[in-house]
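So you can see what is in the structure, the chains are spelled out below.
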Amino acid sequence: MRILVVEDEKKVARFLKAGLEGEGHFVETAGDGETGEEAAFAGEFDVIVLDLMLPRKNGIDVLKSLRSSGKSTPVLILTARGALEEKVEGLDAGADDYLVKPFAFEELIARIRSLGRRGGSDKSTILKVADLELDTMSRKAKRSGKEIELTNREYALLEYFVRNANRVLTRTIISEHIWEYDFDTGTNIVEVYVNHLRNKVDSGFDQKLIHTVRGAGYMMKVG
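What counts as what
Residues numbered from 1 in each chain as written. Predicted model: local features only at pLDDT ≥ 70, side-chain atom pairs only at ≥ 80, totals over all residues. Heavy atoms only, no water. Helix = DSSP H or I, 4+ residues; strand = E, 2+ residues; numbered from the N terminus. Buried < 20%, exposed > 50% of the residue type's maximum accessible area, 1.4 Å probe, protein only. Pairing = 2+ DSSP bridges. Right-handed = clockwise from strand over helix to strand, strands pointing away. Axes fitted to C-alpha atoms, helices over the stretch in contact; angles between N-to-C directions. Contact = heavy atoms within 4.5 Å. Core = buried A, V, L, I, M, F, W, Y, C linked by side-chain atoms within 4.5 Å. Parallel < 35°, antiparallel > 145°, perpendicular 65-115°, else oblique. Left-handed = near helix turned anticlockwise from the far one by under 90°. Nonpolar A, V, L, I, M, F, W, Y, C, P; charged D, E, K, R; others polar. Expected span 1.5 Å × (residues − 1). Polar contact = N/O pair within 3.5 Å; in protein donor to acceptor, adjacent residues only side chain to side chain.

Go over unusual backbone geometry with me, naming the residues and quoting the values.
Cis geometry is adopted by the peptide bond preceding Pro-102, which originates at Lys-101 and carries an omega value of -10 degrees. Locating Pro-102 in the fold gives a position in the loop between β5 (97-100) and α5 (105-120). Its identity is not glycine, yet Arg-56 carries a phi of approximately 75 degrees, on the positive side. Examined against the element boundaries, Arg-56 turns out to sit in the loop between β3 (47-50) and α3 (59-68). The exposed category is assigned to Arg-56, whose relative accessible area is 57%. A positive phi is found at Ser-144, a non-glycine position, where the angle reads about 55 degrees.

Which residues make up the pairing of β3, and what are the values?
Residues of β3 alternate between two faces, with Val-47 and Val-49 on one and Ile-48 and Leu-50 on the opposite face, all of them buried. Bridging between strand β1 (residues 2-6) and β3 involves 4 bridges; their strand directions are parallel. Along β3, the bridge assignment pairs Leu-4 with Ile-48. Relative to strand β4 (residues 75-79), β3 runs parallel, the two sharing 3 bridges. For Ile-48, the partnering residue across the bridge sits in β4 and is Val-75. Note on the crossover from β3 through α3 to β4: the handedness is right-handed.

Can you break down the sheet that holds β3 residue by residue, with the values?
The sheet built from 5 strands is open, its strands ordered β2-β1-β3-β4-β5 with parallel pairing. The sheet is open, and its two borders are formed by β2 (26-30) and β5, each paired with just one other strand. In this sheet, neighbouring strand axes are inclined to one another by 20 degrees on average, regardless of whether the strands run parallel or antiparallel. Pairing analysis gives 4 bridges linking β4 to β5, with the strands arranged parallel. Across the sheet, Leu-76 pairs through a bridge with Asp-97, a residue of β5. Those strands touched by helix α2 (residues 33-42) are β1, β2 and β3, and its axis lies near 165 degrees from that of β1.

Give a description of the nonpolar core that names residues and reports values.
Core analysis: the largest hydrophobic core is formed by 25 residues, its most contacted members being Leu-132, Leu-134, Leu-158, Phe-161, Val-162, Ile-174 and Met-220. When residues of this core are traced back to their parent elements, those giving at least two are β6 (126-129), β7 (132-135), α6 (152-163), α7 (171-178), α8 (189-201) and β11 (217-220). If you tally residues by element for this core, the top one is α6, at 7 residues. Not counting residues up to four positions away in its chain, the partners in contact with Leu-158 are Leu-132, Leu-134, Ala-141, Leu-150, Leu-197, Val-201 and Met-220. Within the second largest apolar cluster, 19 residues are counted, among which are Phe-45, Ile-48, Leu-52 and Ala-95.

Could you give an account of the packing of α6 against α7, naming the residues involved and the relevant values?
In contact at an axis separation of 11 Å, α6 and α7 are set at 125 degrees when each is read in the N-to-C sense. On the basis of the axis angle, α6 is oblique to α7. Once α6 is placed against α7, the crossing between them reads as right-handed. Along its contact with α6, which presents Arg-153, Ala-156, Leu-157, Tyr-160 and Phe-161, the element α7 presents Ile-173, Ile-174, His-177 and Ile-178. Residues belonging to the contact of α6 with α7 are distributed by class as follows: 7 nonpolar, 1 polar and 1 charged.

Residues and numbers for helix α1 (residues 10-22), please.
If you check α1, its first and last C-alpha atoms are 18 Å apart, about what 13 residues at 1.5 Å a residue would give, namely 18 Å. Of the residues making up α1, those classed as buried are Val-12, Ala-13, Leu-16, Lys-17, Gly-19, Leu-20 and Glu-21.

Got a sec to walk through the side chain of Lys-101? Specific residues and values, please.
Its location among the elements puts Lys-101 in the loop between β5 and α5. A distance of 2.9 Å separates the side chain of Lys-101 from the side chain of Glu-7, its partner in a polar contact. Engagement of the side chain of Lys-101 in a polar contact is seen with the side chain of Glu-9, the distance being 3.4 Å.

This is the structure we're talking about:
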């Protein structure tokens, strides 16, 4: 699943990202309410994990903004505030579930799985470009019906390409979305992973999907 974690405590955010990615999910993080809201509107997520006490914009206001705009992505509120009236406030604002810190990670995973099933019941988990198919729930990739073996990072990069098909993606954009750190122009990690993908996705096929846009970056397109 694609999960957005909006959490301002850096240690908690890193813990959640590492743990959820270890379970095979793609995780994007945001450290404040405004950034989290922008990410929620800009991307397609299966579940949003949202803290309440956030800088710049609190979680309740973010949630109200999402729901008033018709965004129906399941939201799990994750907070240290456990008073009954605060739980009610969050649920009334449109949250789907509520978990109080500190929590057992196994319980968080179980709740996210439940929300993912609920949110995915009315939408397809299959993404397609030409004869390439990605199942975002199982994180499996196939081309012409043949399964492609991918690492978690390779899958994340391929899904990012597919979701942004026909759009030029610079090395900086790719690095910041997939590795989530300020891009170092001296590293060739993007080129290395793109080449890995080409060998697995395009090798042996006349129709190439991953293209280099000279002087700009990369693009997934047909033809």
